[in-house]
Amino acid sequence: MIAITTYTQILGRAEELHALRTLIGGARNGRGSALLIQGDPGVGKTTLLEAALGDIGEMRVVRASGYEIESALAFGALQRLGRPLARYVDEVPAMQRDALRIAAGLSEGTPPQRALVGLGVLSVLARAGDDIPTICVIDDAHHLDDESLEVLGLVARRLSAEAVALVFASRDDQGVARALAGVPRLRLAGLDPESAADVLREAVTGDLEPAIVADVVAYTGGNPLALRDLGAELSVHDLTAAAAGPSPVPLGHRLEEHYAARAAELSRESGLWLLVAAAESTGDASVVRSAAGVLGLPDSASAEAEALRLVEIRDSVRFRHPLVCAAVYSSASDADRRTVHAALERVTSARGLRELAAWHASAACAGTDADVAAELASIADLAGARGGLRSRAHLLARAAELSPDPHARSLWFVVAAEAAIAAGAGVLSRQLLARADRELLDPIGRGRMLVVEAMCTMYLADPTTMRDTVAVLIAAADAFGTVSADLEQKALLLALNSSLTAETRAAGTDLAQLATRMRSAAADAENVYAIELRAVASLALDSYDIALPRLSEAVAMLEALDDDTVLDFSFYIVSPCIATWDCEAASRLLQRTVRIGRERGALREVDGALWVLSAVELSRVNPRLAGEYLAQAAELRRALGYVDEQTVNAAYLAWQGASRTTVEQITHAMDEAGYGGVARMAIGALAIAEIADGEYAAAYDRLWDLVEHPYLQASFHHIPELVEAAVRSGRTTAARAAAARLDAYADATGAPWARGLAARGRALLAEPADAERLYLDSIELLDTPGHRGDAARSRLVYGEWLRRMRRRSDARVQLQAARDAFLDVGATAFAERARRELTAAGERVEDQDTHVGDLTSQETEVARLAAAGSTNADIASVLFISPNTVDYHLRKVFRKLGVSSRKQLAEHFPRL
């Protein structure tokens, strides 16, 4: 039953109530969704929720509220929300089940990634919804622990075809906005003037003049809490007098002042009891009662507060409104707060609530305390072991604040910053680093601090420090070098990754200096890190014939890595593989990284690997597959709530036919920001687009600089492009030099990719008597599933050569095959060039419809994976959705494409 004032209040919320009931109705019908209700304190978020839930029929409602005291306890809110659904945990996939149990502290194991925990929660909710439609209500979301909030945000964004609804209620809060990015929002403001006036009149005793009512409504902004409390607390005379004053209404912080004044009317015993309840904050009546007993308060101490309707005590202690709790706590003296927390520490410690006891102990400290700091650090380790990295960061920061040892304090701030950046909290990490004194750290501590500084720059894509990251990481390696060879090597691998991003835009060092430092660190070691460092250092410093055996050793090492190690090398796969002209190895290893990363919820590594996979596919002329990898990465970022790409793939835009001016502007901006590697890719792609359009001189100008100023393996695939551009623009000498370089790589490696491209280059330069054999050799070497685009490029130039040789019929065969392949791999500019040549060869060319239905991006991803043989469960894990959603999308795909089986689906989505 809704109280009269509440009912009146709801009358002014018809649209909002309809939105909530629509959400609930969708869940009942298997259309999962989520909603965030936001507004100032007292606007009626909870009242609206309760009204919407008042008559929902056969549906399950599970609830969790955020409590400030538990906001640093990893996954605490998630555990409370999940308790009624615990029986479904054993029905989800094993890795998800294990992640949930470790996060809850019920099992030991590798700390789970938050995304894997999120997928587990989604699977549990989907299974629960299969039994009975389920609504999850999360109140005071601004007080949730970071881990629970982020996991629930991921779940909220992935709901689609489940009989589940998530409803969050929160004050305006940046953390909530970040974690729930992409979740639809319902903003509650004050009531409309008519409804607000009704609330005020029903709360006040006596009649108010309409003008006074209007004034009070205007002053409160229609805030229902303010209106109810004013009507209950003030007389008609008081309200009339107040309305004439300059600041008549205790709204916002003034409401807190109002409640604090009411609490101040209490006796000492009752006031102290109320402070115990406010400090405990979760409403656990037995804990409050026990702590009051520790303080010597009588059982009747709560009576006055109850009489004033500040609290209500039944199974739990409930404050009239969270503002009352905040007002009681903030208005208390520091001494009283510490006394109360000390009592709560005794009670929670005796009950084995170690994490809560540690927090109460820290709040009871008047200054530093080594024992409490050590306990907080220990609790932080427990949080980290459960995957609670943000909580670990907050706990360590508090430990640092309480430590009397300045050296330990600085180190704990650094370790807290490590946890924060590992959780993706770059801004928090930098704030924590700023509190550490570098001069008080030992060499290991200084090295760790430098590594975190560089990681923050890369994570935040900070253009002001991006160019410095390679030098910073080399400095970290120098700090580690005197103490830990393992840390030194790992820092240099990070420096290598950063250098591949920045290339020549790196400040304070260059590739030769980095490679020399890498070689030195790997000289006397035989571990996997040393093998990678030696190989890439040799590529940078030695002749290719000397470097090749080391590069081949590195590729073999990467192939042999176990699943537990491969993710550590996700950013170091491409250099040795491409440097040995082995695109297949690069693709295979990167796809393995993606698979393992998805299984384990390591989405940052998955995102990076997908981006690199797209670059690999562009290098072998498969922009369609590159685009699919980028679409998968974008879908992952949506799951995580990231709206924008950190690094725009301008090369892909060039392949897609974006205007050259636009691509050049983006490329210049990326280069200036320190992304020299991304700029190199884009410049090469622009040159390839110019080759497709017959603008060979312009392409040559771009490519010559890339090839003459290489950066490790990054421009290997630009050499055959330079050969074609040089031949077609009349620069035969330059073409022969580039072709000779290709021949040297082909002879050294024996790799089919290098040999096929080298044969094409020689064919372009050959006399007619030799050219045809070389063209056919090139096609044969490249005509594999992974290099269809490269083979089509060879067919194209061969067909053009045949037409010039007046063999028009033979030319049409090669040109048509080239065009078909280009259309399949999405190389539309080259398909158009092939069409022009076919027309010139006398062929009538009809446009081919390559459009695959009217599918959304997610439907396309689901369909392609299903066509490749993946099960619904496999697809769900890959795309971080539930099997229900996979089934929903497949049914829509079948209908749109007019197919009835996965076998038929495969005809629309051939393997690329």
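Residues numbered from 1 in each chain as written. Predicted model: local features only at pLDDT ≥ 70, side-chain atom pairs only at ≥ 80, totals over all residues. Heavy atoms only, no water.

Asks: How would you explain the sheet that holds strand β5 (residues 185-188) if you had to name every residue and give the values?
Replies: In sheet architecture, strand pairing relies on hydrogen bonds along the backbone and comes in two forms, parallel and antiparallel. Spatially, the 5 strands line up as an open sheet ordered β2-β3-β4-β1-β5, and their pairing is parallel. Because the sheet does not close on itself, it has two edges, and the strands there are β2 (60-65) and β5. This sheet shows a mean twist of 15° between the axes of neighbouring strands, independent of strand direction. (Pairing = 2+ DSSP bridges. Helix = DSSP H or I, 4+ residues; strand = E, 2+ residues; numbered from the N terminus. Axes fitted to C-alpha atoms, helices over the stretch in contact; angles between N-to-C directions.)

Asks: Please set out the nonpolar core residue by residue, giving values where relevant.
Replies: If you look at the biggest cluster of nonpolar residues, it comprises 234 residues, and the most contacted ones within it are V117, L166, F168, L432, W581, F822 and F830. When residues no more than four places from it in sequence are discounted, the contact partners of F822 are G789, A792, R793, L796, A827, F830, A831 and A834. By size, the runner-up hydrophobic cluster in this structure holds 35 residues, among which are A263, V276, A279 and V311. (Core = buried A, V, L, I, M, F, W, Y, C linked by side-chain atoms within 4.5 Å. Buried < 20%, exposed > 50% of the residue type's maximum accessible area, 1.4 Å probe, protein only. Contact = heavy atoms within 4.5 Å.)

Asks: Give a description of unusual backbone geometry that names residues and reports values.
Replies: Excluding glycine, most residues fall at negative phi; most peptide bonds, likewise, are trans. Although it is not a glycine, R309 adopts a positive phi angle of roughly 60°. Looking at R309, the relative accessible area reads 48%, which means it is partly exposed. In this model, E503 sits at a positive phi of 50°, which is unusual for a non-glycine residue. With respect to the helices and strands, E503 occurs in the loop between α26 (485-502) and α27 (511-522).

Asks: Pulling in residues and values, what's your account of the environment of L53?
Replies: Looking at where L53 falls in the secondary structure, it is placed in the loop between α3 (45-52) and β2. Looking at L53, the relative accessible area reads 12%, which means it is buried. For the pair L53 and L20, spaced 33 residues apart in the sequence, the C-alpha separation amounts to 8.8 Å. Residues contacting L53, with those up to four places away along its chain left out, are I24, V61, R63, I135 and V137.

Asks: How would you sum up α3? Please name residues and give values.
Replies: Of all 8 residues making up α3, 6 are buried, and the element is well covered by its neighbours. Among the residues of α3, K45, T47, L48, L49, A51 and A52 are the ones counted as buried.

Asks: I'd like to hear about the pattern of salt bridges, residue by residue, with values.
Replies: Counted by the stated rule, this structure contains 63 salt bridges. Residues R386 and E355 are paired through a salt bridge, measuring 3.1 Å at the closest nitrogen-oxygen approach. Of this pair, R386 sits in the loop between α20 (370-385) and α21 (389-402) while E355 sits in helix α19 (residues 354-363); the two residues are 31 residues apart in sequence, bridging distant segments of the chain. Judged by relative accessible area, R386 falls into the buried class, the value being 11%. Where D824 meets R788, a salt bridge forms, and the shortest distance between an N and an O atom there is 2.9 Å. Here D824 is found in helix α44 (residues 808-825), whereas its partner R788 is found in helix α43 (residues 788-804), with 36 residues between them in sequence. Members of the salt-bridge network, linked through shared partners, are E721, E724, R728, R793, E800 and R833. (Salt bridge = Lys/Arg side-chain N within 4 Å of Asp/Glu carboxyl O.)

Asks: Describe the confidence of the model for the protein, and please don't skip the residues or the numbers.
Replies: Here the protein averages 90 in pLDDT, and 95% of its residues register 70 or above. A low-confidence stretch, residues 1-5 (pLDDT under 50), is modelled with 6 contacts involving residues beyond four sequence positions or located in other chains. Below pLDDT 50 for its whole length, residues 245-251 participates in 16 contacts with residues either more than four positions away or in separate chains. (pLDDT = per-residue confidence, 0-100.)

Asks: Residue-level account of helix α7 (residues 146-158), with values.
Replies: The terminal C-alpha atoms of α7 lie 19 Å apart, and with 13 residues this matches the ideal 18 Å at 1.5 Å per residue to within 8%. Extensive coverage of α7 is indicated by the burial of 13 of its 13 residues. (Expected span 1.5 Å × (residues − 1).)

Asks: Let's hear about the environment of V594: which residues, and what values?
Replies: For V594, the position within the fold is in helix α32 (residues 583-600). The class of V594 is buried, set by a relative accessible area of 5%. Considered as a pair, V594 and S570 are 24 residues apart in the sequence and their alpha carbons are 8.8 Å apart. In contact with V594, other than residues within four places in its own chain, are V606, A609, L610 and L613.

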